[in-house]
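# Survey of secondary and tertiary structure
Single-letter residue listing:
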Amino acid sequence: MQQQISVITLGVVDLDRSRRFYVDGFGWSPVFEASQIVFYQMNGFVLGTFLKAALEADMNRAGLLQPGAFSLAHNVSAKEDVIPLMNRLAQAGGVIIRPADEPPHGGFRGYVADPDDHAWEIAWNPAWPIDERGLVTFGV
């Protein structure tokens, strides 16, 4: 079986508020929008933001909890890009939940929660190169 992820879908309470965070904050462009879901084409997979009630109905599961015990990460090419992106995400409706600092394992990172409390790590790691397509390679 191929080791890959096709789609990550986040449950959101307010689609317009979520769209503002991802479009104005990250600068991403939706590839599909409907009344209950927005899709963003990423580098090799698709990110969806789906109204939480509609996601629960789609999954046939009620009472999905937020936030979850996970984080998503967006790596940048330069250390100097971390703080400005975190600030832009905060201005677009996010909340800085951990200011940027240097973790013991190296690099530079901070955390921003989107308007639905999904945690995003904004990180730079000199050992993880990012190619021109935005693909990150795990390095040590």
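Reference entry: report on the structure contained in this document. None of the values given here were measured: they were computed from a predicted structure.

## Regarding the sheet that holds strand 7 (residues 108-113)
Across the sheet, which stays open at both edges, the 4 strands sit in the order 5-8-7-6 with mixed pairing between neighbours. Looking at which strands have only one partner, the edges of the open sheet turn out to be strand 5 (72-75) and strand 6 (95-101). If you compare each strand with its neighbour and ignore which way they point, the axes differ by 15 degrees on average. Sheet topology note: the strand 7/strand 8 (residues 119-124) ladder contains 6 bridges and is antiparallel. When the bridges of strand 8 are listed, Gly110 appears paired with Ile122. Sheet strands touched by helix 1 (residues 15-26): strand 5, strand 7 and strand 8. Its angle to strand 8, the strand with the most contacts, is close to 10 degrees.

## Topic: the pattern of salt bridges
Taken as a whole, this structure holds 8 salt bridges when the rule is applied. With a shortest N-O distance of 4.0 Å, Asp24 and Arg20 are connected by a salt bridge. Of this pair, Asp24 and Arg20 both sit in helix 1, 4 residues apart, which is roughly one turn of that helix. For Asp24, a relative accessible area of 46% translates into the label partly exposed. Judged by relative accessible area, which is 39%, Arg20 ranks as partly exposed.

## Regarding the nonpolar core
Counting 21 residues, the largest nonpolar core has Tyr22, Phe26, Trp28, Leu47, Trp120 and Ile122 as the members making the most contacts within it. When contributions to this core are tallied by element, the ones reaching two or more residues are strand 1 (7-12), helix 1, strand 3 (37-41), helix 3 (82-91), strand 7 and strand 8. Leaving out residues up to four positions away in the same chain, Trp28 has contacts with Tyr22, Val23, Tyr40, Met42, Leu47, His74 and Trp120.

## Description of the sheet that holds strand 3
Taken together, the 4 strands give an open sheet; going across it, the order is 1-4-3-2, and neighbouring strands pair in mixed fashion. The open sheet terminates on both sides in strands that have one partner only, identified here as strand 1 and strand 2 (30-33). Across the sheet, the mean angle separating the axes of adjacent strands is 20 degrees when strand polarity is ignored. In this structure, strand 3 lies alongside strand 4 (residues 46-51), joined through 5 bridges in antiparallel fashion.

## Points about the environment of Glu80
Mapped onto the elements, Glu80 comes out in the loop between strand 5 and helix 3. As a C-alpha pair, Glu80 and Arg20 span 60 residues in sequence and 24 Å in three-dimensional space.

## Notes on the layout of surface pockets
By volume, the largest pocket is sized at about 910 Å³. Along the walls of the largest pocket sit 35 residues, with Asn43, Phe45, Ala73, Asn75 and Val136 positioned nearest its centre. Secondary-structure elements contributing two or more residues to the lining of the largest pocket are strand 3, strand 5, strand 7 and strand 8. Split into classes, the residues belonging to the lining of the largest pocket amount to 19 nonpolar, 14 polar and 2 charged. The volume enclosed by the second largest pocket comes to roughly 200 Å³. Lining the second largest pocket, in full, are Ile8, Thr9, Leu10, Gly11, Lys52, Leu55, Leu64, Leu65, Gln66, Gly68, Phe70 and His118. If you list the elements that add at least two residues to the lining of the second largest pocket, you get strand 1 and helix 2 (52-59). The element best represented in the lining of the second largest pocket is strand 1, accounting for 4 residues.

Scoring rules and cut-offs
Residues numbered from 1 in each chain as written. Predicted model: local features only at pLDDT ≥ 70, side-chain atom pairs only at ≥ 80, totals over all residues. Heavy atoms only, no water. Pairing = 2+ DSSP bridges. Helix = DSSP H or I, 4+ residues; strand = E, 2+ residues; numbered from the N terminus. Axes fitted to C-alpha atoms, helices over the stretch in contact; angles between N-to-C directions. Contact = heavy atoms within 4.5 Å. Salt bridge = Lys/Arg side-chain N within 4 Å of Asp/Glu carboxyl O. Buried < 20%, exposed > 50% of the residue type's maximum accessible area, 1.4 Å probe, protein only. Core = buried A, V, L, I, M, F, W, Y, C linked by side-chain atoms within 4.5 Å. 1 Å grid on protein atoms, 1.4 Å probe; cavity = no way out; pocket = protein on both sides within 12 Å on 5 of 7 lines; lining within 4 Å. Points joined across faces, edges and corners; volume = space filled by probe spheres on them. Nonpolar A, V, L, I, M, F, W, Y, C, P; charged D, E, K, R; others polar.

Just distances and angles here, no functional claims.
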